[in-house]
Amino acid sequence: MADTEAEDSSMASVDEDGITNILNQYKVDDRIENEYFSSYEDVEIHRLMISDHPRTSAYADAIKKNKHLFKGKVVMDVGAGTGILSLFMAAAGARKVYAVEASGMAAIIEKVARDNGFSDVIKVFPDKVENISLKENEKVDVLVSEWMGFYLLHESMLNSVITARDKFLSDNGTIFPSEARLYACPCSLQALYKEQINFWNNVYNFDMSAVKEVALKSKMKKPEVCLVPKSDLLAEPSCVKTFNLRWVTGEDVQSFTETSFVGITRAGLYQGLCLWFECDFDGREYDEEGKENGRLVTLSTSPSSPPTHWKQTVVVLGYGADMTSNQFDQSCQSEASNSEGSTPKQLESEERNCKPGPSQCRDSPSIGGKEKALGTKDKIQESGYQREELLVQKDYEVDEDEVVGWRLIFAQSKENIRHYTMTVEMLDPETEEHPIPCACPMPRCMIIAKMMESETEGDDAIDCT
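Thresholds, definitions, all that
Residues numbered from 1 in each chain as written. Predicted model: local features only at pLDDT ≥ 70, side-chain atom pairs only at ≥ 80, totals over all residues. Heavy atoms only, no water. Helix = DSSP H or I, 4+ residues; strand = E, 2+ residues; numbered from the N terminus. Buried < 20%, exposed > 50% of the residue type's maximum accessible area, 1.4 Å probe, protein only. Polar contact = N/O pair within 3.5 Å; in protein donor to acceptor, adjacent residues only side chain to side chain. Contact = heavy atoms within 4.5 Å. Salt bridge = Lys/Arg side-chain N within 4 Å of Asp/Glu carboxyl O. Axes fitted to C-alpha atoms, helices over the stretch in contact; angles between N-to-C directions. Parallel < 35°, antiparallel > 145°, perpendicular 65-115°, else oblique. Left-handed = near helix turned anticlockwise from the far one by under 90°. Nonpolar A, V, L, I, M, F, W, Y, C, P; charged D, E, K, R; others polar. Core = buried A, V, L, I, M, F, W, Y, C linked by side-chain atoms within 4.5 Å. Pairing = 2+ DSSP bridges.

In this section: the side chain of S260. With respect to the helices, strands and loops of the structure, S260 is situated in strand 10 (residues 255–263). Residue S260 is classed as buried on the basis of its relative accessible area, which comes to 5%. Here S238 takes part through its side chain, which lies 3.4 Å from a polar atom of the side chain of S260. Those residues in contact with S260 that sit more than four places away from it in its chain are S238, V240, V404, G405 and W406.

Attention now moves to the pattern of salt bridges. Applying the stated criterion across every chain yields a total of twelve salt bridges. For K217, the salt bridge identified is with E213, shortest N-O distance 3.8 Å. Residue K217 and its partner E213 are located together in helix 9 (residues 209–220), separated by four residues, close to a single helical turn. Within this structure, E179, R181, E278 and D280 form a network of salt bridges that share partners.

Let us now look at the packing of helix 8 (residues 190–197) against helix 9. Axis separation between helix 8 and helix 9 bottoms out at 10 Å; the angle between their running directions is 135°. With respect to helix 9, the element helix 8 is oriented oblique. Two packed elements cross with a definite hand, and for helix 8 against helix 9 that hand is right-handed. Taking contact as the criterion, the partners of Y193, Q196 and I197 in helix 8 are, on helix 9, K212, A215, L216 and K219. Residue composition of the contact of helix 8 with helix 9, by class: four nonpolar, one polar and two charged.

Where helix 4 (residues 53–64) contacts helix 5 (residues 84–91), the axes come no closer than 9 Å and their chain directions differ by 20°. By the criterion of interaxial angle, the relationship of helix 4 to helix 5 is roughly parallel. Between helix 4 and helix 5 lies a crossing of right-handed hand. Within the contact between the two elements, helix 4 uses T56, Y59, A60 and I63 and helix 5 uses L85, F88 and M89.

What follows deals with the nonpolar core. Nonpolar side chains in soluble globular proteins tend to be buried together. One finds F70, M76, L152, Y270, W406 and L408 to be the most contacted residues of the largest nonpolar core, which totals 105 residues. Top contributing element to this core by residue count: strand 12 (residues 272–282), with seven residues. The next biggest cluster of nonpolar side chains, apart from the first, holds seven residues, and it includes L427, C438, C440 and C445.

If you trace the five strands from one edge of the open sheet to the other, you get 4-3-2-5-6, paired in parallel fashion. The sheet terminates laterally at strand 4 (122–125) and strand 6 (169–176), the two strands that pair on one side only. For this sheet, the mean inter-axis angle between neighbouring strands, taken without regard to orientation, is 20°. Looking at chain direction, strand 2 (residues 74–78) and strand 3 (residues 96–100) are connected through five bridges and run parallel. What sits directly across from D77, in strand 3, is A99. Sheet strands in contact with helix 5 are strand 2, strand 3, strand 4 and strand 5 (140–145), and its direction is about 165° off that of strand 2.

Next up, the structure:
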């Protein structure tokens, strides 16, 4: 199990006034906010993001192919950066573009707007969107933001976008992106293991396995940001969470838990859980005759799509390094690692506990009839965090059609709502309750899925929340 943080007993509870008590504890420290925004004064960060072709072209296409939403309209760009999205919207015919940017780049946007002939269209607000107001409580027709972070949520601006939507978007307004989906998939990590772990098997004919053990532990301490080849995916991706940006609330993203089970489609070493996201920009409208106007544009950060600066995020489980029996004390403090180099938005995980074996490990030497990573657990509470010692013995090999499961637990940091703690628990598909519907190939789940399909025949909607 890879665990970013055990449950904190000091977590706020909902009082009689609803969510107020929790929200008060999730205010972001001014120092943290200032550091966050000042980091975006580095022009190189903006160059890297704008040169991310899948990212920038998705926004450009969504705006250009849905001009009917922008022509003559009042729109807002939250977190405008250098103003590139504001320029797209102005060029699409927007009557007024409110560019909201809290960093020092706000002054640059004004010059960029003037240089491109849009000084009368683009109005810059050099502040956080939470602090601004529009004259006479004006509403905007379209709200656009590039708010996404690693695995969608980490270092994201989603809370600010929700605030902007609730304050400024008209009742019939459009928000881009309109929907975001988080995916997870079991994977091998062959390149990472070869380069950074198994390298220590033989170093100039010396046994450096002790260093290898430390290297593996370090990888298990924090999510790894890297590019995962499609060939390393061991199953069909599971959509574990969907966010409808028109209706999602701040409470919805404070914390949530999602359980998934999938059937293995390619035998191999199950070494990690790969996370990525997709965003839809749905500008389609239909007239009285049912004729469609506008387009749906999708930005994907999956291993099957062209690479982006978000890459993929991997939780390293610790399997597949031919380890000898060792006990691990896996209480750890971590920041996210990026094996491909730095990225525009740095990922930092909260203090967490990393547990390399499946949560169902017992004294039995097999899981699903096959020898795998296993061990004994000794849970100890220390300073509100959970430590678990686990004996790792074997590689975790999976066969085609074998079912694996996991539980993902996300929680915003109380010190910084842009940061998340993420817990990954590996589940025993034979003993754990499966969600309904479940897409795994176990007979019971297949029967239930078939029954539900027959009951909703003709309904193509897919709810993967």
